[in-house]
Amino acid sequence: MSSAGAQAADRYPEQPIKLIVPYVPGASTDALARMVGQDVATDLKQTVIVENHAGAGGTIAADFVKRQPADGYTLMFTTDGIQAVNPSIYKKLAYDPLKDFTPLSIAVKAPLVLAVRSDSPYKTAQALIAYARANPDKLTYGSAGLGSSQHMAGELMKSMAHVKITHVPYRGGAPAMTDLLGGHIDMMFVQSASAKELADKGNLRILAIGSPKRNKYLPDVPTFAEVGLPGYDSDTWYGFAMPAKADPKIVALLNSSIVKSLRKREDQLEKLGYTVVASSAADMRKDIETNIPKWREVAQQAGVYQMQ
């Protein structure tokens, strides 16, 4: 690095930082990004400006960020969908998740649960899987669309359980939930906080959680390992990254500031249904490297690998 670059890193941050969020304003994920961004601004004594670049499964935001200077003044709120699932299902992608970005931290994981209506005949995940094995393609599950976290969670279950269940994609999670509650589909993978709220109201029954461990806010819900699918993990995560080839000093400073925010807000975030991770930059890269082939195999089996 040039001496000028080293000096710039030592003085960082000297100007406002942009945080690019791939969701519309007001979304729960947008609120999470803004919460951490506000803490980073306070910690680094510099303004953090949130810009929403929503659409196309996060590819619009990712393509924008990869073209910005790696000087620490453009950050991205990102997900495993953007970093690991999209590269696994799309033949043509405007970015390379490993070459075009510098990981900063996996902030939180959002557990997905398998849910059915409260009046469903399936009282347990074992009973549902047993029925699916005996009756191929008789059951249906909904998702927020092809390649969504709910879709991939369902396909992972099908692959590991050796069952055939028909996928019904929707234009978002809300219409899928409407049809689940209306009896038009049999099941759905749902973010744990949303599912718990509906289960507490008596609308849903939660059969299993996609995390490796039980969740303290859903203590009676078994993991998929406990119901016969060891190694199942469909947790989706949210984190932070920046353009490739960033100065290690800036990476370390930003990681430290992000982790500090997450630790401070851990109880608050867990009550919202998140599991705080607050990873290192290196562990975030390892996770992406591991998940790309995992989701590619699931996508190939589901027949959605290399979509246009």
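Chemist: How should I be thinking about the layout of surface pockets in this particular structure?
Modeler: Gaps left between atoms show up when a probe the size of a water molecule is rolled over them. In this structure, the largest pocket spans a volume of roughly 1,000 Å³. For the lining of the largest pocket, the element with the most residues is helix α4 (residues 80-89), which contributes 6 residues. Taken together, the residues of the lining of the largest pocket sort by class into 21 nonpolar, 18 polar and 3 charged. Of the volumes computed, that of the second largest pocket is approximately 230 Å³.

Chemist: Where do I start with helix α2 (residues 28-44) in this structure?
Modeler: A turn of α-helix holds 3.6 residues, and therefore any two residues three or four places apart point the same way. Here α2 contains 17 residues, and its C-alpha end-to-end distance of 24 Å stays within 8% of the 24 Å for a straight helix at 1.5 Å per residue. Among the residues of α2, those classed as buried are T29, D30, L32, A33, M35, V36, G37, D39, V40, A41 and L44. Just downstream of α2, K45 is the residue with a positive phi angle, here 55 degrees.

Chemist: Looking at this structure, I do not really get the packing of α4 against helix α11 (residues 281-302). What am I missing?
Modeler: Axes are the key here: two packed helices are described by the angle between their axes and the distance separating the axes. Relative to each other, α4 and α11 sit at 45 degrees, their axes nearing to 8 Å. Our classification of the angle between α4 and α11 gives oblique. Once α4 is placed against α11, the crossing between them reads as right-handed. Counting all contacts with α4, which are made through D80, Q83, A84, V85, P87, S88 and I89, the residues of α11 involved are I288, N291, I292, W295, R296 and A299. Of the residues that constitute the contact of α4 with α11, the class distribution is 8 nonpolar, 3 polar and 2 charged.

Chemist: I tried to follow the pairing of strand β2 (residues 48-52) on my own but got confused; where do I start?
Modeler: As paired strands, strand β1 (residues 17-21) and β2 are joined by 5 bridges and run parallel to one another. Of the residues in β2, the one forming a bridge with I17 is V48. Following the chain from β1 across α2 to the adjacent parallel β2, one finds a crossover that is right-handed.

Chemist: Which parts of the structure should I look at to understand the sheet that holds strand β8 (residues 187-191)?
Modeler: One key point about sheets: their strands pair by backbone hydrogen bonds, in either a parallel or an antiparallel sense. With mixed pairing, the 5 strands of this open sheet are ordered in space as β7-β6-β8-β5-β9. This sheet does not close on itself; its edge strands, each paired only once, are β7 (166-169) and β9 (204-209). On average, each strand axis in the sheet is tilted by 35 degrees relative to the strand beside it, whichever way the strands run. Sheet analysis places strand β5 (residues 112-117) next to β8, joined by 4 bridges and oriented antiparallel. When the sheet's bridge partners are listed, V113 is paired in β8 with V190. The sheet strands contacting helix α7 (residues 173-181) are β5, β6 (140-143), β8 and β9, and the helix crosses β8 at an angle near 135 degrees.

Chemist: Teacher, can you tell me more about the pattern of salt bridges here?
Modeler: It is possible for side chains of opposite charge to pair when their charged atoms get near one another. Under the definition given, this model contains 15 salt bridges. Residue D39 pairs with R265 through a salt bridge whose shortest N-O separation is 2.6 Å. Taken together, the residues D39 in helix α2 and R265 in the loop between α9 (248-264) and α10 (266-271) connect sequence positions 226 residues apart. Residue D39 is classed as buried on the basis of its relative accessible area of 9%. As a salt-bridge pair, R263 and E266 come within 3.5 Å of each other at their nearest N and O atoms. For E266, a relative accessible area of 24% puts it in the partly exposed group. Within the structure, one salt-bridge network assembled from shared partners comprises D39, K264 and R265.

Chemist: Just to check I follow, could you spell out empty space enclosed by the protein for this structure?
Modeler: Summed over all chains, the structure comprises 1 cavity of 30 Å³ or more. Of the voids in this model, the largest cavity is the one considered here, and its volume is about 50 Å³. L19, V36, G37, V40, V48, L75, F240 and I258 are the residues that line the largest cavity. Top contributing element to the lining of the largest cavity by residue count: α2, with 3 residues. Of the residues in the lining of the largest cavity, the class split is 7 nonpolar, 1 polar and no charged.

Cut-offs and rules
Residues numbered from 1 in each chain as written. Predicted model: local features only at pLDDT ≥ 70, side-chain atom pairs only at ≥ 80, totals over all residues. Heavy atoms only, no water. 1 Å grid on protein atoms, 1.4 Å probe; cavity = no way out; pocket = protein on both sides within 12 Å on 5 of 7 lines; lining within 4 Å. Points joined across faces, edges and corners; volume = space filled by probe spheres on them. Helix = DSSP H or I, 4+ residues; strand = E, 2+ residues; numbered from the N terminus. Nonpolar A, V, L, I, M, F, W, Y, C, P; charged D, E, K, R; others polar. Expected span 1.5 Å × (residues − 1). Buried < 20%, exposed > 50% of the residue type's maximum accessible area, 1.4 Å probe, protein only. Axes fitted to C-alpha atoms, helices over the stretch in contact; angles between N-to-C directions. Parallel < 35°, antiparallel > 145°, perpendicular 65-115°, else oblique. Left-handed = near helix turned anticlockwise from the far one by under 90°. Contact = heavy atoms within 4.5 Å. Pairing = 2+ DSSP bridges. Right-handed = clockwise from strand over helix to strand, strands pointing away. Salt bridge = Lys/Arg side-chain N within 4 Å of Asp/Glu carboxyl O.

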